[in-house]
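# Close look at the chain arrangement
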Amino acid sequence: MVTSNVVLHSSVTNRPDEWKIEQGLSAAQLPILDQTAPQTEDIQPVVWPELTKDEEAIKAVGDRNELFQREKEGWQGYVEWENYPEKKKKAHAILTSETFPPNAEFQWGPIPGTNPVLPGTHWKMWHHAVGGELSTVPEDSWETVLKEKHPDMLHLLQFPYNGEPPKRLVTAKAITPNDLHFVRNHGGIPRIDKDKWSLQMDGLVNNPRTYSLADLMDDSKFPRMEKLITIQCSGTRRVEQIELYAGQGDEVPQAPWAEGAIGTANYVGISLKKVIKDCGGLKDGAKHLELYGAETYFKASEAMNYLVSVPWSKVKANEVMLAWEMNGEPLPKIHGYPLRVVVFGYIGARSVKWLYRIKAIKQPTMAPVQSKEYLYFPQQVGKHNQKPTDGIQIQEMPVSSAIMYPWTRQVIIHNGKIHCKGWAYSGGGRWPERVELSADGGFSWYAIPPENLSKKHKWTWRTWEFDLPCDVEGWVEIVCRTWDNSLNTQPLTVRAAWNWGLHVTSSAHRISVYSINKSRQRTKDRLAKFEKEKFPLAPLTCPEDFVTQPWDEYKAYWDTHDPRDVDD
């Protein structure tokens, strides 16, 4: 009889996912280590309690259908908050009488492989909780998305809707088709009848006025503007920051934007400067224009309309347009119908959709979207110590670029050159003057010939294609960087651009691909053998199942070469 020396433990303390946690693959489950005490203490991730709802408190607020009813005929999904502090207080009372589930954690864990990627549960629940005119906004908005957007759009956040085209379609055309233009919404999509719509112009203007769309489209009064404009979200390429270093971002669950949160369209409208002139100009001290969007925005259990501001200097330069047409068509509902703002060279967040009011003010708006969000923080600022005043308010986008083809971790069979495609952009009225590619991680660079770039414009991107020389085989890192006309260029690493808000990933774009150079005879012969043996080449990590070198050839090699080891 053989006895075993194996000790069977009576208890197991490891979790089933222990290995993933140890390797940082489920980092949200790691405790925070407090090493300031005599003995290190673990601060465990919060376990969310059972959700609660105080029905009596909510009932005491009043009839939500009356409190938050439709504001104007023909304005579906719009509630006016800014003129009614009491209404805001009642919405706050409702939102604080109920607990809501936590945001989905995807930065320290796997990003869901679904489309939509993130549902926006919080935002849906907030709209439903307030009720009244907001009751059906999440569902109505999604219906608009499905009607107006290309079926291949990547829905990064279902509500409020955030979506970008797949890589193969981002730069397929130098002007982005409407159904493929990215969307970054901050609330639901209002459905507004243009004949019932009006724009209020007030604040520190000499003669406050209200305009209909027909008034603004009267070209005898307001000369038409037509401009080709690139709009870029400051979250473009955010996934690169997330993959290396997580961050918090804004109140909305941070959509894991890739390289498609940018688009170029031809807009028609009028200069905001002309409208201000029609109102008798600004009063002394007015230096900013506050822009109101009709969607409902939530921040810290507060309901509000979407507000940002732009400086008068920007408006005065005729760089702020009120637009009603996009690529030869009326604005799509999802892009701000019937009227939106287009701010040339600024982040997309300033180009307010569903515009209904413009207010001249002395200082930049105090609204949270501008004062507490869209901030570029120093690298040592985070959840533990951040204050909004630590951040720079993001306006102009810096120079940036991206490789749209091939995709990172793809295997490329080529004859000494890898065909690449992408885009380059610089905000603030600058433009890409030179685009460069590297096949060796950024040690040596090739300038893309001007004829391989789309036409140069002051306010737009340039798309490009290039056959990048690549002699080596195996893993290579392709890098793209851009120089604008002011000789600004991109930092070379993601770390140089990382910030707690996960905004402005302006570093040189890097992808890793596996190079198989068919111009080399051995590689050409081996690929022919894969084909002859009918053995799959993809995925490359699956070992081949045939002899790659006959034994007689192997033996002959060692007959004519020194052995693996030497005698002295």
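Here the structure is a predicted model, which means the values were calculated and not measured. (Residues numbered from 1 in each chain as written. Predicted model: local features only at pLDDT ≥ 70, side-chain atom pairs only at ≥ 80, totals over all residues. Heavy atoms only, no water.)

Below, the discussion takes up the state of the cysteines. Applying the stated criterion across every chain yields a total of 0 disulfides. Free cysteine: Cys 233, not disulfide-bonded; nearest cysteine sulfur from Cys 480 at 19 Å. Using a relative accessible area of 6% as the deciding quantity, one classes Cys 233 as buried. The closest cysteine sulfur to the non-disulfide-bonded Cys 470 is located on Cys 420, 9.1 Å from its own sulfur. According to the relative accessible area criterion, Cys 470 is buried, its value standing at 3%. (Disulfide = S-S within 2.5 Å. Buried < 20%, exposed > 50% of the residue type's maximum accessible area, 1.4 Å probe, protein only.)

Moving on, we get to the side chain of Glu 436. Within the secondary structure, Glu 436 is located in strand β23 (residues 432-438). Glu 436 sits in the buried class, given a relative accessible area of 8%. Engagement of the side chain of Glu 436 in a polar contact is seen with the side chain of Arg 481, the distance being 2.6 Å. For Glu 436, the side chain forms a polar contact with the side chain of Trp 483, separated by 3.0 Å. Discounting chain neighbours no more than four positions away, the residues touching Glu 436 are Trp 445, Tyr 446, Ala 447, Val 479, Cys 480, Arg 481 and Trp 483. (Helix = DSSP H or I, 4+ residues; strand = E, 2+ residues; numbered from the N terminus. Polar contact = N/O pair within 3.5 Å; in protein donor to acceptor, adjacent residues only side chain to side chain. Contact = heavy atoms within 4.5 Å.)

Moving on: the pairing of strand β14 (residues 320-326). Most of β14 sits inside the fold, with 6 of its 7 residues counted as buried. Where strand β11 (residues 262-271) and β14 come together, 5 bridges link them in antiparallel fashion. In the sheet register, Tyr 267 faces β14, and the bridge partner there is Met 326. As defined by bridge partners, β14 adjoins strand β16 (residues 340-343) across 4 bridges and the pair is classed as antiparallel. Looking at β16, one finds that Leu 322 is bridged to Val 341. Pairing analysis gives 2 bridges linking β14 to strand β15 (residues 329-330), with the strands arranged antiparallel. When the sheet's bridge partners are listed, Glu 325 is paired in β15 with Pro 330. Taken together, β14 and the strand that follows it, β15, pair antiparallel across an intervening segment of 2 residues, in which Asn 327 is found at a positive phi of about 55°. (Pairing = 2+ DSSP bridges.)

As a further point, take the domain arrangement of the chain. Where interface size is given, it is often the accessible area lost as the parts come together that is meant. Split into domains, the chain comes out as domain 1 (55-393) and domain 2 (399-487 + 507-567). In this structure, domain 1 and domain 2 have C-alpha centres spaced 39 Å apart. Each partner contributes residues to the interface: domain 1 has 20 residues there, and domain 2 has 20 residues. Both sides of the domain 1 and domain 2 interface together cover about 1,800 Å² of buried area, and 62% of this is carbon and sulfur. The largest share of the area that domain 1 buries against domain 2 comes from Lys 167, Thr 171 and Arg 237, three residues that together contribute 33% of it. Linking domain 1 with domain 2 are 0 salt bridges. Elements supplying a minimum of two residues to the side of domain 1 that touches domain 2: α7 (167-170), β10 (225-232) and β11. The dominant element in the side of domain 1 that touches domain 2, judged by the number of residues it contributes, is β10, at 4 residues. (Domains from an automatic or database assignment. Buried area = accessible area lost by both parts, 1.4 Å probe. Salt bridge = Lys/Arg side-chain N within 4 Å of Asp/Glu carboxyl O.)

Inspection of helix α4 (residues 85-95) places Lys 87, Ala 91, Ile 94 and Leu 95 among the buried residues, and these make up the whole buried set. Axial view of α4: buried residues confined to an arc of 95°, hence all on one face. Away from the buried face of α4 by more than 90 degrees, exposed residues Pro 85, Glu 86 and Lys 89 are located. Elements in contact with the buried residues of α4: α2 (55-61), α3 (64-67), α5 (121-130), β12 (288-299) and β13 (302-311). (Arc of directions from axis to C-beta.)

The next subject is the pairing of strand β27 (residues 509-517). Look at any regular strand and the pattern is simple: side chains alternate between the two faces of the sheet. Bridge analysis of strand β21 (residues 411-414) against β27 gives 4 bridges, and the strand direction is parallel. Note that in β27 the partner of His 414 across the bridge is Asn 517. Of the pairings in the sheet, the one linking strand β26 (residues 474-484) to β27 comprises 7 bridges and is antiparallel in character. Pairing of Val 479 across the sheet is with Arg 510, part of β27.

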